[in-house]
Amino acid sequence: MAFLQQNLKAHSLLHALTLLAFYQLSRWLYRSMVVCPPFIGIPGPKPASWFSGNLGQLFNAKGLPFHQHLSDFYGGMVKVYGFFGDEQLYISDPLAIQAILGKEQECFDETAVFLEANKIIFGSGLVSTTGELHKRQRKLAAPMFSTAQLAKIAPTFYDIAEKLVDVLQREVNEQLSLTSSANAEEKNDGKGGERAVLDMSEWSCRVSLEAAGRAILGYSFDPLDSPVSNPYTTAIKELIPTLFSLALVRQFAPFFSKLGPAWFRRKLVEWTPNRKVQKVKATSDLMHESAKAILEERRAQLLDEADLGSEDGGRAKDLISMLCEYKRMRGAAPEERMDDDELTGQMTVLIFGAQDTTSSVMSRVFSLLATHPDVQLNVLEEIRNAYALMRQHDADGTDCAGGRERLDQETLMGLPWLDAVMKETLRLYPPVPFVRRTCTKEASIPYTRTIPDNSNTPFTSLASVRIPKGTTLFLSIAGCNRIRSLWGDDAGEWKPERWLESTQPYSKDVKIPGAHSGMLSFLGGGRSCIGYRFAMLEMKIILATVLSSLVFSPTEDRIVWNLAQITSPSVCRAVEREGRVLVEETKALPLFAAFDDALG
Ligand code: HEM
């Protein structure tokens, strides 16, 4: 019996896979051979493989230099290849991006691969819906990110940032006392320029997950001061890297989603003999169950508080409670509410949207400030001055919690150096370097064609490209954020001063529809990042709190930044194995940390 069942499973799986291969093959062959290649004359690299074109180079942990090379070498409009010679476009040209995210946005949407894979993993959330449903969900979710709502969660960010500082200071002190006792010297109190090594990637990941969990779900993923042994936390940390490593397999998601009823597709996933696919399935199930449980808990809590008539009973303290309230609102029309599936879908999507992105930016800021001590000093002095001014103006009026001073939101958000450092880091090192789009309706897109000549200033002319329905586009966020025609000849340099000298340090000729400060890091248009204000507030609170207590400098380690949809740092170290010296990479960002008098 077991043998029969096993055979049946294998047979069904084989059948489905054959169908899938046949369908995809004929579709790609039709597009690449029957339909005339659409992008004749647009420059680009040769396909690296007849099967997967340039996809292996684009979806590659070591692919960041290749992405940069495409814009640097071929210009803002580049032809790349997908499966079986399928021609795709890699775009960093501001004019083209302006049209795709602006005037022509109705002709472009997320790719079916992205939407279907997200639907399977997250259910019905903002990243898996399109058209009117997506617009409705965005409208319902938007008030969660209003200035008033963010003001309510700012104290939560401060609580977490202060806890982080306590933990980091404790770790620095522990390392210093170990060193000093090992040296048989007097006990070191951590002052006087002594330094310890902290992994600021690990701490950025942990603090951003905790901030997202507490502010979005009202749920603590990681108390920071003790080791984490929560399967939900582990699942969340591992999902994005696992998904990125399955990038080629995910291209089949749209076909898979059409294979029979949901129970059959589920069975197919269960039978797929691939460890990573099984890991994604287990993670998705765990996230769904956990989100359901948290939602029930939140709802019960809100009702209890309302019954008890507590002062802010029934009023949202986290973003999901706020969405629950919509549902609770008497008389709200069905289109003004989210059902439970949508709510649990949004919960996981928001956690994912928030976690790796903000931790990537914070790691990058720590790393850059460590290698630019002059800028770090400017940020530190600015924060010190803001505290001093606050004390001077209003001895009692400071925003204190447990005796600790807190800058009010307006002062914090207005600190010029901190703001410039954040913007410049987001510009030059956007944590999401590219997104993809599918053309859903033929469109003609303008762009600036670069015609190389032998001088340093290549000739440019206005051109346009007809994009047939079904074409896949790569929108290069990093490419557009670094394009010299827009940002000037020093576009490739990290120069926070550019934001101090001008509120618009880019060419006034083209207006990029970026959601934040004219850059694409949070994208733009109808699918731009809904959480960018949340992100800026969270990151500024955490960075200002940490930077006013600790000073960072680089270690000797070689750090490389890898791509897993979102960028993250790894440390390269030489290790000896069986008499051979190998370079081993581990996800980490070791930096020296010292108490703040080290900078003088
Ligand atoms: C530095 C931090 C962040 C960066 C750089 C960033 C960047 C982006 C980008 C580039 C997109 C577009 C993705 C696409 O179209 O494929 C996006 C979408 C999104 N982001 Fe963020 N994000 C950040 C933080 C956050 C935070 C904190 C949240 C939630 C609290 C969030 C929630 C979302 C959601 C829900 C979407 C999908 C929006 C939609 O399709 O309507 N993000 N983000």
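This structure is a prediction, so every number in the text was calculated from the model and none was measured. Every chain is numbered independently, its residues counted from 1 as its sequence is written. This being a predicted model, a pLDDT of at least 70 is required before a residue's local features are given, and a value of 80 or more before pairs of side-chain atoms are given or counted; all residues contribute to the totals for chains, interfaces and linings. In computing side-chain properties, one takes all heavy atoms of the structure into account and sets aside hydrogens as well as water.

Peer 1: How should I be thinking about the nonpolar core in this particular structure?
Peer 2: When a protein is soluble and globular, its nonpolar side chains tend to lie buried together. Joining through side-chain atoms within 4.5 Å is the link that ties buried Ala, Val, Leu, Ile, Met, Phe, Trp, Tyr and Cys residues into a set, and such a set is a nonpolar core. When accessible area is computed with a 1.4 Å probe and restricted to protein chains, residues below 20% of their type maximum are described as buried, those above 50% as exposed, and intermediate ones as partly exposed. By size, the foremost hydrophobic cluster in this structure holds 142 residues, and its most contacted members are Ile216, Phe534 and Phe552. Strands are runs of DSSP state E lasting at least 2 residues, helices are runs of H or I lasting at least 4, and numbering of each runs from the N terminus. If one sorts the elements of this core by residue count, helix H15 (residues 340-371) sits on top with 14 residues. Only heavy atoms matter for contacts: two residues are in contact if any of them lie within 4.5 Å across the pair. Filtering out sequence-adjacent residues up to four positions away, Phe552 remains in contact with Leu198, Met200, Phe366, Leu369, Ala370, Gln376, Val546, Leu547, Leu591, Phe592 and Ala593. The next biggest cluster of nonpolar side chains, apart from the first, holds 16 residues, and it includes Leu58, Val78, Tyr90 and Phe244.

Peer 1: Just checking my understanding: could you explain the packing of aromatic side chains for this structure?
Peer 2: By convention here, two paired aromatic rings are described through the distance between centres and the angle between planes. Ring pairs are drawn from Phe, Tyr and Trp, using the six-membered ring of Trp, whenever the two centres fall within 6.5 Å, and their geometry is named by plane angle: stacked under 30 degrees, edge-to-face over 60, tilted for the rest. According to the stated counting rule, one finds 16 aromatic pairs in the structure shown. Look at Phe434 and Phe474: their rings are 5.7 Å apart centre to centre, the planes differ by 45°, and that puts the pair in the tilted class. Taken as a pair, Phe434 in strand E5 (residues 434-439) and Phe474 in strand E8 (residues 472-476) lie far apart in primary sequence, 40 residues in all. Comparing Phe434 with Phe474 shows no difference in burial state: the two are buried. A network of ring pairs unites the aromatic residues Trp50, Phe51, Phe83 and Phe84 as a single cluster. Across the ring face of Trp561, the terminal group of Arg364 is positioned such that the distance to the ring centre comes to 3.6 Å. The ring of Trp487 has Arg427 sitting right over it, with the charged end atom 5.2 Å from the ring centre. Whether a charge sits over a ring comes down to the Lys NZ or Arg CZ being within 6 Å of the ring centre and within 35 degrees of the ring normal.

Peer 1: Can you walk me through the sheet that holds strand E11 (residues 550-554) in this structure?
Peer 2: Two modes of strand pairing occur in sheets, parallel and antiparallel, and in both the strands are linked by backbone hydrogen bonds. If you trace the three strands from one edge of the open sheet to the other, you get E4-E15-E11, paired in antiparallel fashion. The open sheet has two free edges, formed respectively by strand E4 (196-199) and E11, since each of these has just one partner strand. Each strand axis lies, on average, 45° off the axis of its neighbour in the sheet, ignoring direction. As paired elements, E4 and strand E15 (residues 590-595) share four bridges and run antiparallel to each other. Residue Leu198 lies in a different strand from E15, and its bridge partner there is Leu591. For helices, the fitted axis covers only the stretch in contact; all axes are lines through C-alpha atoms, and the angles between them, taken along N-to-C directions, range from 0 to 180 degrees. Packed onto the sheet, helix H8 (residues 200-217) meets E4, E11 and E15 and runs at close to 45° relative to E4. At least two bridges found by DSSP between two strands are what make those strands a pair.

Peer 1: What am I meant to see in the UniProt feature "binding site: heme" (unreviewed entry) in the chain here?
Peer 2: The UniProt entry lists Cys529 under the feature "binding site: heme" (unreviewed entry), expressed in the numbering used here. With respect to the helices and strands, Cys529 occurs in the loop between strand E10 (519-524) and helix H22 (532-547). Residue Cys529 is classed as partly exposed on the basis of its relative accessible area, which comes to 31%. Excluding residues that lie within four positions of it along the chain, Cys529 makes contacts with Arg138 and Phe522. UniProt positions are given in the numbering used here, feature names are shortened, and annotations may be inferred rather than shown by experiment.

Peer 1: I'm lost on H22 in this one. Help?
Peer 2: It helps to recall that an α-helix has 3.6 residues per turn; residues three or four apart then point in one direction. Its 16 residues place the ends of H22 22 Å apart at the C-alpha level, agreeing with the 22 Å of an ideal helix rising 1.5 Å per residue. Counting buried positions along H22 gives 15 out of 16 residues, so the element sits mostly inside the fold. Given a helix with a known number of residues, its expected span is that number minus one, times 1.5 Å.

Peer 1: Just to check I follow, could you spell out the site of the ligand for this structure?
Peer 2: Nearness is judged by heavy atoms alone; a residue qualifies as near a molecule or strand once a single heavy atom is within 4 Å of it. Taken together, 30 residues surround the ligand, and among them Glu110, His134, Arg138, Arg437 and Cys529 come closest. In protein, a polar contact requires one atom able to donate a hydrogen and another able to accept it; more generally it is a pair of N or O atoms within 3.5 Å, and residues adjacent in sequence count only if both atoms are side-chain atoms. In the model, an oxygen atom of the ligand is placed 2.8 Å from a nitrogen or oxygen of the Glu110 side chain. Backbone polar atom of Gly353 to a nitrogen atom of the ligand: 3.4 Å apart, as the coordinates give it. In this analysis a 1.4 Å probe is tested at points of a 1 Å grid over the protein atoms alone, and where it fits but cannot get out there is a cavity; an open set with protein on both sides within 12 Å along at least five of seven lines is a pocket; lining residues have an atom within 4 Å of a point. For this analysis, a molecule is said to be in a pocket or cavity if more than half of its atoms are within 2 Å of the grid points defining it. Taken atom by atom, the bulk of the ligand overlaps the largest cavity. For the shell around the ligand, the secondary structure elements donating two or more residues are helix H6 (131-141), H15, E5, E10 and H22. The dominant element in the shell around the ligand, judged by the number of residues it contributes, is H15, at seven residues.

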